[in-house]
Amino acid sequence: MRNKKYRMGCTDGVSESLGFLLIFTLVIVGIGLVTLYGYPMLLQQQTSADEQIMEKNMIVLQNDVKSLAYKTIPYKETSLKIGGGVLHVQNSSEAPASGSPTSIKIYDNNNILLDSFRSGDLLYSSVSSSTDISLQNGAVVKRQYFEPGSVMLAEPRWFYDGQTETMVINLVNITSTSKISREGVGTVQMMLGESRFNKFDANPPLPAVPTLSPPVYLEYKPNKDVDYSIAWNSYFQKLGMTVDPTSAAQPGDGSGLPVKYRLPDTTTVVIKQYEVNIRSL
């Protein structure tokens, strides 16, 4: 009986050891699976959430710019969370960190209506999601690093009236007194600066109005390294513009050369320029 009890005791001990090893192994395997698959998935979801939040934030800032420019409100202030990246101001008067500045030129057969307008932008850059979201020229645009193509999340206020053949172009110039960038929680303070208004008419009612000589052309010169030409091309086409056969480049070809558009039948062009100064982030 003693030998039997001794053997039973040894068997019980072995079972407890095996059980502990099995449970410990399952715990280690579970931790490994969570580390290998669960944690990257959580990071991906967090990155996606940060990106979506910044898309909404940029649209909110676009509405602030509209209030400054079109409602002549002198000052706007908005607090927001900048997650997963950095928000910084690209002054229209300074060269960008890489590439050449984006510019717009408008002209007809005889006159230059607008020469090399540079808008600057309020740019959010996310390294984790390899994404840029830019508030530029009154629009919110988005692109992926090192990939062709871009998309416009929110359109600017340009109008074309086919009955009167009138094109209204609202341009927003973003400036700042110094280089500003922010991550985490920040407050974007904007102030309205100078505004300009020009009207060109093919049949001016008054001699003081500059005469327009149709057809009218627009040249959009993208930054070769930060190219949003596909997004702007879709918007220009929506307004009835077409890429001119004599254009030096095509949208999204990566050349950095200006893309020449021909406006639809236009006898009146109204160009409004607004300056928005970013005081702080």
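This text goes with the structure placed above it.
Residues numbered from 1 in each chain as written. Predicted model: local features only at pLDDT ≥ 70, side-chain atom pairs only at ≥ 80, totals over all residues. Heavy atoms only, no water.

**Observations regarding a nonpolar patch on the surface**
Here comes step 1: The grouping of Leu18, Phe20, Leu21, Ile23, Phe24, Val27, Ile28 and Ile31 at the surface amounts to a nonpolar patch, some 810 Å² of accessible area in total.
Here comes step 2: Tracing the chain through its elements places Ile28 in helix α1 (residues 2–70).
Here comes step 3: For Ile28, a relative accessible area of 43% gives the class partly exposed. (Patch = residues over 30% accessible without salt bridge, like charges linked within 9 Å, V, L, I, M, F, W, Y side chains within 5 Å. Areas by Shrake-Rupley, 256 points an atom, 1.4 Å probe, with all protein chains shown as cover. Salt bridge = Lys/Arg side-chain N within 4 Å of Asp/Glu carboxyl O. Helix = DSSP H or I, 4+ residues; strand = E, 2+ residues; numbered from the N terminus. Buried < 20%, exposed > 50% of the residue type's maximum accessible area, 1.4 Å probe, protein only.)

**Here we look at the side chain of Thr268**
Here comes step 1: Here Thr268 lies in strand β14 (residues 268–280).
Here comes step 2: A residue is classified by how much of its surface remains accessible, and Thr268, at 9% relative accessible area, is buried.
Here comes step 3: When residues no more than four places from it in sequence are discounted, the contact partners of Thr268 are Glu165, Thr166, Met167, Lys199, Phe200, Asp201 and Leu212. (Contact = heavy atoms within 4.5 Å.)

**Some thoughts on the pattern of salt bridges**
Here comes step 1: Per the counting criterion, the structure on display carries six salt bridges.
Here comes step 2: As a salt-bridge pair, Glu55 and Lys142 come within 2.7 Å of each other at their nearest N and O atoms. In this pair, Glu55 is assigned in helix α1 and Lys142 in strand β6 (residues 139–144), connecting sequence segments 87 residues apart.
Here comes step 3: With a closest N to O distance of 2.8 Å, Lys238 and Glu155 form a salt bridge.

**A look at the packing of aromatic side chains**
Here comes step 1: Evaluated as defined, the whole model comprises ten aromatic pairs.
Here comes step 2: With a centroid separation of 5.4 Å and 90° between ring planes, the pair formed by Tyr70 and Tyr274 is classed as edge-to-face. You can see Tyr70 sitting in helix α1 and its partner Tyr274 sitting in strand β14, a full 204 residues away along the chain.
Here comes step 3: By relative accessible area, Tyr70 is classed as partly exposed at 24%. (Phe/Tyr/Trp six-rings, centres within 6.5 Å; stacked < 30°, edge-to-face > 60°.)

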